[in-house]
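Remarks on the overall topology
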Amino acid sequence: MATPSDSEAGPNPKPVEELETESATNDEHQGEDEDEIEEEEEEEGDDEEAEEDETPAAQRENINRLFRRLSGGPVRLRVQDIIIRGNTKTKDALIEAEVLDAFRSACSMQELIQAAGLANTRLRQLDIFDSVSITLDSGPSELPGTANVVIDVVEARNPLTGEFGAYSKPEARSWSLEGSLKLKNLFGYGDIWDASGAYGFGQTSEISAGVSLPRFKAISTPLMTRVSLLSQDWLKFSSYKERLLGLSVGLISTGNHDLAYNLTWRNLSDPSHMSSKTIRRQLGHSLLSSLKYTYRIDHRDSNLRPTRGYAFLSTSQFGGLGPDSRILRFIRQEFDVRGAFPLGFYNAAVNFGVAAGAIMPWGRGFMDSTSPLPERFYMGGHSSPICSLGGPTSLLGFKLRGVGPTDERRAILTKHGEDEATTPGRIASPGGDAIGGNLAVTAFADLSFDLPLKLFRESGVHGHMFLNTGNVVDLTPAEFKNFSFRGFLETFRSSAGFGIIFPTRFFRMEINYCYILKQLQHDHGKTGIQFSFSTP
Amino acid sequence: MEMADEREEEAKPEVVLVARKGGFGLPTACPVCLPVYCHLRFANVDFKLEFDRANPDSDHIPYVEYGDYVTFNNEKGGVIECLNEDNVVKLDSQLPKDCFPDWASTKVMISTWLAEAVQYELWVTCDNTIADDIYFSDLPWPIGKILHWKQTQAVKQLHGITKLNAAEKEEEIYRKANIAYEALSMKLGSQVFFFEGRPTSVDSLFLGHAVFVLHVLPETSVLRSSLSKHANLLRFVQDCKIRLLEDSYSSATGPAFSSDASSSSIPRRKGSKQNAKTKPKEKRERTEEEKAFRRRAKYFIAAQVVSIVIYLSILGGMGDSGLEDGDEDGLTYEE
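Residues numbered from 1 in each chain as written. Chains lettered and ligands numbered in written order. Predicted model: local features only at pLDDT ≥ 70, side-chain atom pairs only at ≥ 80, totals over all residues. Heavy atoms only, no water.

1. Thoughts on the overall build of chain B
What chain B contains, in helices and strands, is 11 helices and four strands. Each of the 335 residues in chain B was classed as buried or not, and the buried ones make up 46%. For chain B, contacts bridging at least 24 residues in sequence account for 73% of all contacts bridging at least 6. Of the roughly 17700 Å² that chain B leaves accessible, carbon and sulfur atoms contribute 53%. (Helix = DSSP H or I, 4+ residues; strand = E, 2+ residues; numbered from the N terminus. Buried < 20%, exposed > 50% of the residue type's maximum accessible area, 1.4 Å probe, protein only. Contact = heavy atoms within 4.5 Å. Areas by Shrake-Rupley, 256 points an atom, 1.4 Å probe, with all protein chains shown as cover.)

2. Here's the deal with the pairing of strand β3 (residues 63-66) of chain B
Residues and elements named next belong to chain B. Both faces of β3 are covered, namely the face carrying Y63 and E65 and the face carrying V64 and Y66. Relative to β3, strand β1 (residues 15-19) is paired through four bridges, and the arrangement is antiparallel. By the bridge assignment, L17 is partnered in β3 with V64. Linking β3 to strand β4 (residues 69-72), which pair antiparallel, is a turn of two residues; within it G67 sits at a positive phi near 70 degrees. (Pairing = 2+ DSSP bridges.)

3. Points about the UniProt feature "domain: POTRA" (unreviewed entry) in chain A
Listed under "domain: POTRA" (unreviewed entry) in the UniProt record, and renumbered for this structure, are residues 77-156 of chain A. Helix makes up 38% of residues 77-156 of chain A and strand makes up 35%, while its end C-alpha atoms are separated by 33 Å. (UniProt positions renumbered as here; feature names shortened; annotations may be inferred.)

4. Some thoughts on the domain arrangement of chain A
You'll often see interface size given as the accessible area lost when the parts meet. All names here are of chain A. Domain annotation of chain A identifies domain 1 (68-155) and domain 2 (168-409 + 431-534). Computed from C-alpha atoms alone, the centre-to-centre distance between domain 1 and domain 2 is 42 Å. Taken together, the 10 residues of domain 1 in the interface contact 11 residues of domain 2. Taken together, the links from domain 1 to domain 2 amount to two salt bridges. Residue K184 is joined to D127 by a salt bridge in which the shortest nitrogen-to-oxygen separation is 3.5 Å. Broken down by element, the residue count for the side of domain 1 that touches domain 2 peaks at three residues, all from helix α2 (residues 92-104). Looking at the side of domain 1 that touches domain 2, its residues break down into four nonpolar, one polar and five charged. (Domains from an automatic or database assignment. Salt bridge = Lys/Arg side-chain N within 4 Å of Asp/Glu carboxyl O. Nonpolar A, V, L, I, M, F, W, Y, C, P; charged D, E, K, R; others polar.)

5. Quick look at the sheet that holds β1 of chain B
Residues and elements named next belong to chain B. Strand order in this open sheet of four strands is β2-β1-β3-β4, and the pairing throughout is mixed. Two strands close off the open sheet at either side, each with one partner strand: β2 (47-51) and β4. Strand-to-strand twist of the sheet, defined as the mean angle between neighbouring strand axes without regard to direction, takes the value 20 degrees. (Axes fitted to C-alpha atoms, helices over the stretch in contact; angles between N-to-C directions.)

6. Side note on the side chain of K184 of chain A
Residues and elements named next belong to chain A. For K184, the position within the fold is in strand β6 (residues 174-184). Note on K184: relative accessible area 13%, which makes it buried. With residues near it in sequence (within four places) discarded, K184 still touches K89, D127, I128, P159, T161, D191 and I192.

7. Topic: a nonpolar patch on the surface
Residues L251, I252, L291, F318, L321, I331 and M360 of chain A make up a contiguous nonpolar surface patch of roughly 490 Å² in combined accessible area. Position of L321 of chain A among the secondary structure elements: in the loop between β13 (309-319) and β14 (330-342). (Patch = residues over 30% accessible without salt bridge, like charges linked within 9 Å, V, L, I, M, F, W, Y side chains within 5 Å.)

8. A few points about the packing of α2 of chain A against helix α3 (residues 109-125) of chain A
All names here are of chain A. One can describe the packing of α2 onto α3 by two numbers: an axis separation of 9 Å at closest approach and a directional angle of 155 degrees. The orientation of α2 relative to α3 falls into the category roughly antiparallel. The way α2 lies across α3 gives a crossing that is right-handed. Residue-level inspection shows I95, E98, V99, D101, A102 and F103 of α2 in contact with α3, the latter providing L112, A115, A116, L118, A119, R122 and L123. Class assignment of the residues belonging to the contact of α2 with α3 gives a composition of 10 nonpolar, no polar and three charged. (Parallel < 35°, antiparallel > 145°, perpendicular 65-115°, else oblique. Left-handed = near helix turned anticlockwise from the far one by under 90°.)

9. Details of the layout of surface pockets
Quantified by volume, the second largest pocket comes out at close to 1200 Å³. Forming the boundary of the second largest pocket are 38 residues, of which R281, R326, L328, S369 and T370 of chain A lie nearest the centre. Secondary-structure elements contributing two or more residues to the lining of the second largest pocket are β11 (257-269), α5 (277-280) and β12 (284-298) of chain A together with β2 of chain B. Partitioned by chemical class, the residues of the lining of the second largest pocket number 14 nonpolar, 10 polar and 14 charged. (1 Å grid on protein atoms, 1.4 Å probe; cavity = no way out; pocket = protein on both sides within 12 Å on 5 of 7 lines; lining within 4 Å. Points joined across faces, edges and corners; volume = space filled by probe spheres on them.)

This is the structure in structure tokens:
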């Protein structure tokens, strides 16, 4: 698909030789004259066809002349006009906006070919065309040194598509089974409408609908809007259920930067009537209006088994946007740093990472107020810290929400049979609710290596040894002055272990033996064999 | 002796009443929370009043916390019933048995006819500002508006009120309320309290209802004018209000806790005689054998899943875990 970088060029841009890397799908291009240089890039499912307008020997001679010309030095050429064909629904302005920047800066044949490749990629990424073909044609004869760019698109035959799979989504907080329907390019602006339903194994269910636009007026970055209805059951861990009705708008979404606005109506309820005092005080309705900025760089060579590189994530969330003082007000910050370097034997590599996060309320009386329960930090669960940059949440060996501050659940009286008149009532142990923390830090080190069996090596199955540590505390603004760094370090929990990793197409499965090195009284860590499923 | 009493005082858990916020000159302006407040005050329980501002549509409020124990309004007949059964408050326990039928029917009349009339006036006939002030003023505006509308529809549905029968329903509601006031006025007569010259839960329920009608509902309220026709009921409200509500509203606590065990008690963790309770949704205790069986079943299923995954991964080869290029054509795409 790429413009061949080792092509030879002739001395004269006219006639321009025909250059093929892949065949065109459009029969209109068959039989075109030898003045055209054609660069074909196809979508999946298209058939290849060879164009034979000249004798093979003449064609080869033309191509060789062109390669000699191009390799001899830059061939001065600029774009005179962009011609778009095949778009019955899609607006010309959308296609032009996607490709204009690339072609505007090209001033030689080589740059033009590169720009054509870039433009082709951008148009394919709109996900609204079945095929895209870019042809470079000679410009008007009265304007030497110019070329016309002809863009042939085939719009999606079936704009309605469906998908089903396993995904990891921030809203679900875990991985989930999801089905979705997509309607592409309804209004010709590259708009993609989708409706999806998801069910996660964290007792999560979600229905959502959204629309994405590749650009909107002066905003050249993709815009996404989504309305979602989410229900999450935390009764087992924290004695509350969460229902969200939210609107999220992705304002900026580039490779590294992501800025999104979120307006969510949230309701926390406790149908079991067993919640602790801390949870009880936070039950009810609330409105979240927040701006979330994420900066991410990931230069690791793999998400499933990184062996070299580094990654960095910073997530900043500001809640309380709006004139209403009753909206939830908080500031939340997360950092996550990862690194990997190879050891040079058995394909071994060391991965390490540190993550930290803090949240605090703001506004009048913030010293005495608490941060919202769902936005606090919870630690534990069997997701691998290697795959995704998820902040200070993962601590192998501990159950979901199994680390951190807790509060006693509602006490109950149990019945004594015949002796109830004389025997004192017994208090049944109610257990505790995980209430999360305002400050969390995790760190891990992982050594991965190939297993001796060739069968395992070929299928990517490998072993690893790991060491995890982490701590999460409830540090309110009023208690900040009394914070003891030494005390914080002394209460770090840790675990170590080893295991086997099975990477598949959809997820990464780990079978680990975890040994709990240190845990506190109310933690839920367990030494033994555990399974972990992660999606990259 | 004094030191022992002090230690005993310190050991007693704090009683907290969580109700909806105050207003209109009342410690709590919610017609459901007021009777519970009055009940605790009648029992001379020293309690702390806290407000819940985020659950306007939930029926678990008010609730009473005493230590780690909690009684919710939507459990076992309500907070007052639970307080009676848990022996936190024993206002009703010493009623003679011959009063019981009269007492029970009076209580039901107040809890149903008068409570429905208040609900009708608050959510259907009065303007929105009263309900907004009591329930929704601490919620963001969009949420408050939507919940208010939902609650209004719920009340109409509960009473079976439609556009066609609205007038008939209103007449029926007010007729029952008038009958209730008449009956209560005849029952009270010139007494200080309704039964046996001492406060019971009937007094708490009626006082909470009457205070709300007289202080919160507007002067044009039909209920208010009906209640005002009965002078002895107004006298009862006035006397109790002076004694219970006006003193406590400024301090948010009641009189000193009485150590008289016959009128009230706080359940302790050890050494107390309690009526046994079972948790509404208590799990069945599993035997050791069942636990072992479940554990083995989980391991068996996990082993099956693992073996399938191993089989697929070895036969299928490594997944897309190799190098992931940014673009297949080798170009770096940056914006």
